Amino acid sequence: MQNNQPQGTHMYALSLQNSQMSACTVSGTYTPPPGTTRFDILTQLRLDAVRQYPSMEGSIVVYFALEPNAVTGEGVDR
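From a predicted model like this one, the values you see are computed outputs, not experimental measurements. The numbering scheme is per chain: residues are counted from 1 as the chain's sequence reads. Restriction of local features to residues with pLDDT of at least 70 applies here, the model being predicted, together with a cutoff of 80 or more for giving and counting side-chain atom pairs; totals for whole chains, interfaces and linings are based on all residues. Values shown for side chains rest on all heavy atoms present in the structure; no hydrogens or waters enter the calculation.

(A) The arrangement of the nonpolar core in detail. To form a nonpolar core, buried Ala, Val, Leu, Ile, Met, Phe, Trp, Tyr and Cys residues must be joined to one another through side-chain atoms within 4.5 Å. For each residue, the accessible area found with a 1.4 Å probe, counting protein chains only, is set against the maximum for its type, and the residue is called buried under 20%, exposed over 50%, and partly exposed in between. Leu14, Leu16, Leu45 and Phe64 are the most contacted members of the largest nonpolar core, which has 13 residues in total. Here a helix means four or more residues in a row that DSSP labels H or I, a strand means two or more in a row labelled E, and each is numbered from the N terminus. Broken down by secondary-structure element, the contributors of at least two residues to this core are strand S1 (10–17), strand S2 (23–30), helix H1 (38–52) and strand S3 (60–68). The element contributing the most residues to this core is H1, with five residues. Throughout, a contact is declared for two residues whenever any of their heavy atoms are within 4.5 Å. In this structure, phenylalanine 64 is in contact with Ala13, Leu14, Arg38, Leu42 and Leu45, ignoring residues within four places of it in sequence.

Laid out in structure tokens, this is it:
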């Protein structure tokens, strides 16, 4: 399987749940600017998810993962 579309250096998945028990999951790739923390990225992804799904305003994080997008190569544990 090969994807010729540009991808970010990291892959993320974020699941949110609101007080009405509705949930959403967003995922994709992202290249963080130098000095960016995991918390910075989580905060930005939450804001983006709420813009896309307004009912998620005030929701809780059920799941968050952020990992390098590479499977093989330099810096990847085998």
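That covers the picture; the talk isn't over yet.
(B) Seen up close, H1. An expected span of 1.5 Å times one less than the residue number is assigned to each helix. Taking 1.5 Å of rise per residue, 15 residues should cover 21 Å, and H1 covers 21 Å from first to last C-alpha, within 8% of that figure. What H1 keeps buried is the set Ile41, Leu42, Leu45, Ala49 and Val50. Take H1 and look down its axis: the buried residues cluster within an arc of 165 degrees, on one side only. Read the arc as the range of directions from the helix axis to the C-beta atoms.

(C) Highlighting the sheet that holds S2. The criterion for strand pairing is that DSSP finds at least two bridges linking the strands in question. Strand order in this open sheet of three strands is S2-S1-S3, and the pairing throughout is antiparallel. In this open sheet, the two edge strands, each paired with only one partner strand, are S2 and S3. Each strand axis lies, on average, 10 degrees off the axis of its neighbour in the sheet, ignoring direction. Relative to the sheet, H1 contacts S1, S2 and S3, its axis offset from that of S3 by approximately 125 degrees. A fitted line through C-alpha atoms represents every axis, and for helices the fit uses only the stretch in contact; the resulting angles, taken between N-to-C directions, go from 0 to 180 degrees.

(D) Region of interest: a nonpolar patch on the surface. On the surface, a nonpolar cluster with roughly 310 Å² of combined accessible area is contributed by Ile60, Val62 and Tyr63. Looking at where isoleucine 60 falls in the secondary structure, it is placed in strand S3. By relative accessible area, which is 52% here, isoleucine 60 ends up exposed. Only residues whose relative accessible area exceeds 30% and that form no salt bridge enter a patch; like-charged residues are grouped when within 9 Å of one another, and nonpolar side chains (Val, Leu, Ile, Met, Phe, Trp, Tyr) when within 5 Å. What sets the accessible areas is the Shrake-Rupley method with a 1.4 Å probe; for residues, cover comes only from the shown protein chains. A side-chain nitrogen of Lys or Arg and a carboxyl oxygen of Asp or Glu constitute a salt bridge if their distance falls within 4 Å.

Read these as layout, nothing more, since geometry by itself doesn't imply function.
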